[in-house]
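What the coordinates show
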Amino acid sequence: MDEALAPVQDGLDTLNGFVWGPYLLIPLLLLTGLYLTVMLRGLQFRTLGYALWLALIKRKEVGAEGDVSHYQALATALAATIGTGNIAGVATAIAAGGPGALFWMWVTGLVGMATKYAEAFLGVRFRRKDARGNQSGGPMFYLTEGIGGSLGAFLGVFFAIATAIAAFGIGNMVQSNSVAEALDSQFGVAPLATGLVLTALAGVVIVGGIRSIGRVAAALVPFMALIYMIGASVVLAIHAEQLPAAISLVFTDAFTGNALAGGAIGTVIRYGVARGIFSNESGLGTGGIAAAAAQTSNPVRQAMVSMTQTFLDTIVVCSFTGLAIVATGSWETGEDGAALTVLAFSDGLPGEWGGAIVAVGIALFAFSTLLGWSYFGERAMDRLLGARAITPYRAVFAAAILLGALVELQLVWTFADVMNGLMALPNLIGLLLLSGLVVRETREFFAEPGWREVAGAAKKG
């Protein structure tokens, strides 16, 4: 890194350590999820089956307003969250915290489903049509209108500013950089070529707005997840004899920390919770932005769909990565990040297949993240400056993809972490202040005898 930037990096590291340290966001995120789980009476456990049915089976609702289907809205949210965190983030958590970190990722995902539910409910509940006739919603609206007054206005604008900026970090340059590094290392592809292709492909999709993003995400997300999970399944099948012991180690180490020198149980919990939050984004508010675009007649129904995103991201996809790393014993080698996942996959797959699947997984996961975050960023800009700002924002966003593939990004990574934290803070305040509304209207919905039926005459689409 340039010596002139070293003081900036040091300052950001200090700020990042405070924001994402053990005394602010991590406990606030976890406790908010626990609080909402209790207030909603474990809704994520009681209705998961119905929510998955509603999310994954195409259906139409008579009289429903919105820009994309339930599934396309879910796919857009998944596109943004199923990213490098599912490959490198899980590996980092286990390398630093031991196998027990995976257990705490599961806990974070399960309580995070309630947080995601509340975000999506409020996103739909307070959505509005923009100047172009598209639905727009998320924390920048439900903070302003739900809380009201100067506090609500401040929190809404603060969130929108943080989101518009954060999209260039974790949702853009760090993703294209990860793809460039993976393809260069595995296949020898020049970073410039990777950057140009990513920029062109993303630009074509982004210019079409949420409908274009929703269609691509709906096709890409299941395809990329399936390829990755098939590869992980082969690794787990080859190590089937070690799998029961691996699962047992995940549970025992979660409460003892014995896999780490000194039995650092606090480290196990910290890394598991932190990486789980980074993976599924429950609490950041992005789920409410995607949910607001959905065709639905009731915010409760779309909120149930949206909470499955956290389940699929953390409980399903992250589990494949984590169990492969633990079952193969790769976590004890000293490797970290994506290199650790490559090592685990290579231990079960022949030749270069392990590294190839991880590299392709990173490329597809990161590309989908670019699409999802481009939408989050443009919705924030629309809230701040109106529709006239969307096209310039898209152009700058596309250009940043190329830049990210070519430069060193340590500073951007840290800055992105800080901006994500600044998104989460106002959103969590809003979720707690508006929890009464969420709980009351949720209970009213489930009090209706026909709540399981799609509103109006439902039929397969």
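Treat the numbers as computed from the prediction; the structure is a model and nothing was measured.

**Quick look at the overall build of the protein chain**
Tallying secondary structure elements over the protein chain gives 21 helices and four strands in all. For a compact globule of 461 residues, the expected C-alpha radius of gyration is about 23 Å, and the protein chain comes in at 21 Å, within 12% of that figure. Its C-alpha atoms give the protein chain principal-axis dimensions of about 55 × 45 × 45 Å. Counting across all 461 residues of the protein chain, residues that qualify as buried make up 59%. Looking at the protein chain alone, contacts between residues at least 24 apart form 84% of all its contacts between residues at least 6 apart. Summed over its atoms, the accessible surface of the protein chain is roughly 17,200 Å², and 65% of this surface lies on carbon and sulfur atoms. The protein chain carries 25 positive and 29 negative side-chain charges, and their two centres are separated by 18 Å.

**Examining the pattern of salt bridges**
Overall, the coordinates contain five salt bridges when judged by the stated rule. With a shortest N-O distance of 3.1 Å, Arg125 and Glu441 are connected by a salt bridge. Highlighted residues: Arg125 in helix α7 (residues 100-125) and Glu441 in helix α21 (residues 435-447), separated in sequence by 316 residues. A salt bridge links Glu378 to Arg394, with the nearest nitrogen and oxygen atoms 2.8 Å apart. Separated by 16 residues along the polypeptide, Glu378 in helix α18 (residues 353-385) and Arg394 in helix α19 (residues 390-406) bring together distant segments of the chain. Per residue, the accessibility class of Glu378 equals that of Arg394, and both read buried. Overlapping salt bridges, with partners in common, bring together Asp130, Glu378, Arg379 and Arg394 in one network.

**Comments concerning a nonpolar patch on the surface**
A surface patch of nonpolar side chains, about 420 Å² in accessible area, is lined by Leu192, Leu196, Leu403, Leu406 and Val407. Sorting the residues of the nonpolar patch by element identifies α11 (191-206) and α19 as the ones contributing at least two each. Within the secondary structure, Leu192 sits in helix α11. Assessed through its relative accessible area of 46%, Leu192 is described here as partly exposed.

**Describing the confidence of the model for the protein chain**
Counting all residues, the mean pLDDT for the protein chain is 87, and 94% of those residues have values of 70 or more. Taken together, the stretch residues 455-461 has pLDDT below 50 and engages in 15 contacts with residues farther than four places along the chain or on a different chain.

**A look at the packing of aromatic side chains**
If you walk through the whole model with that rule in mind, you get 15 aromatic pairs. Through a chain of ring-to-ring contacts, the aromatic side chains of Phe103, Trp104, Trp106, Phe251 and Phe255 assemble into a single cluster. Positioned above the aromatic ring of Phe126, the side-chain terminus of Arg125 is 5.1 Å from the ring centre. One residue, Arg383, lies across the ring of Phe141, its end atom 5.9 Å from the ring centre.

**Notes on the packing of helix α4 (residues 48-56) against helix α5 (residues 70-81)**
In the contact formed by α4 and α5, the axes pass within 7 Å of each other and the chain directions differ by 100°. Comparing their axes, α5 and α4 come out roughly perpendicular. The segment α4 lies against α5, with Leu54, Ala55 and Leu56 engaging His70, Tyr71 and Leu74. Looking at the contact of α4 with α5 residue by residue, the classes come out as five nonpolar, one polar and no charged.

**Points about the environment of Met105**
Considering the arrangement of structural elements, one finds Met105 in helix α7. Looking at Met105, the relative accessible area reads 0%, which means it is buried. Ignoring any residue separated from it by four or fewer positions in sequence, one finds Met105 in contact with Val90, Ala93, Gly272, Arg275, Gly276, Thr314 and Cys318.

**As for the packing of helix α10 (residues 169-187) against α19**
Where α10 meets α19, the closest approach of the two axes is 7 Å, and the angle between their N-to-C directions is 40°. Considering the angle they form, α10 stands oblique to α19. In this structure, α10 crosses over α19, and the sense of that crossing is right-handed. When α10 is examined against α19, the residues Gly171, Asn172, Met173, Ser176, Asn177 and Ala180 are found in contact with a partner set consisting of Phe397, Ala400, Ile401, Leu403, Gly404 and Ala405.

Reading the values: the criteria
Sequence order as written defines residue numbering, which begins from 1 separately in each chain. Whole-chain, interface and lining totals are the exception, using all residues; otherwise, since this is a predicted model, local features are given only for residues with pLDDT of at least 70 and side-chain atom pairs are given and counted only at 80 or more. Processing note: side-chain calculations cover all non-hydrogen atoms of the structure and skip hydrogens and water entirely. By definition, any uninterrupted DSSP run of H or I lasting at least four residues is a helix, any uninterrupted run of E lasting at least two residues is a strand, and each is numbered from the N terminus. With the radius of gyration taken over C-alpha atoms, the globule rule is written as 2.2 Å times the number of residues to the power 0.38. Three labels apply to residues, based on accessible area from a 1.4 Å probe with only protein chains included: buried if under 20% of the type maximum, exposed if over 50%, partly exposed otherwise in between. Here, two residues are considered to be in contact whenever any of their heavy atoms come within 4.5 Å of each other. Working definition of accessibility: Shrake-Rupley area with a 1.4 Å probe, residue cover restricted to the visible protein chains. Counting rule for charge: Lys and Arg are taken as positive, Asp and Glu as negative, and neither His nor the chain ends is counted. Charge positions are represented by NZ for Lys, CZ for Arg, CG for Asp and CD for Glu. Throughout this description, the term salt bridge denotes a Lys or Arg side-chain nitrogen within 4 Å of a carboxyl oxygen of Asp or Glu. Put simply, a patch holds well-exposed residues, over 30% relative accessible area, that have no salt bridge, with like charges counted together within 9 Å and Val, Leu, Ile, Met, Phe, Trp or Tyr side chains within 5 Å. pLDDT expresses how confident the predictor is about each individual residue, on a scale running from 0 to 100. To pair, rings of Phe, Tyr and Trp, with the six-membered ring standing in for Trp, must have centres within 6.5 Å; the planes then decide the type, stacked if under 30 degrees apart, edge-to-face if over 60, and tilted in the middle. Think of it as a cone above the ring: NZ of Lys or CZ of Arg counts as a charge over the ring if it is within 6 Å of the ring centre and within 35 degrees of the ring normal. Geometry is summarised by axes, namely lines fitted to C-alpha atoms with helices restricted to the contacting stretch, and by angles between N-to-C directions that run from 0 to 180 degrees. Each angle receives one of four descriptions, namely roughly parallel if under 35 degrees, roughly antiparallel if over 145, roughly perpendicular if within 65 to 115, and oblique otherwise. The residue classification treats Ala, Val, Leu, Ile, Met, Phe, Trp, Tyr, Cys and Pro as nonpolar and Asp, Glu, Lys and Arg as charged. All others, Gly included, are polar. For any helix crossing, the convention is left-handed if the near helix is rotated counterclockwise from the far helix by under a right angle, and right-handed if that rotation is clockwise.

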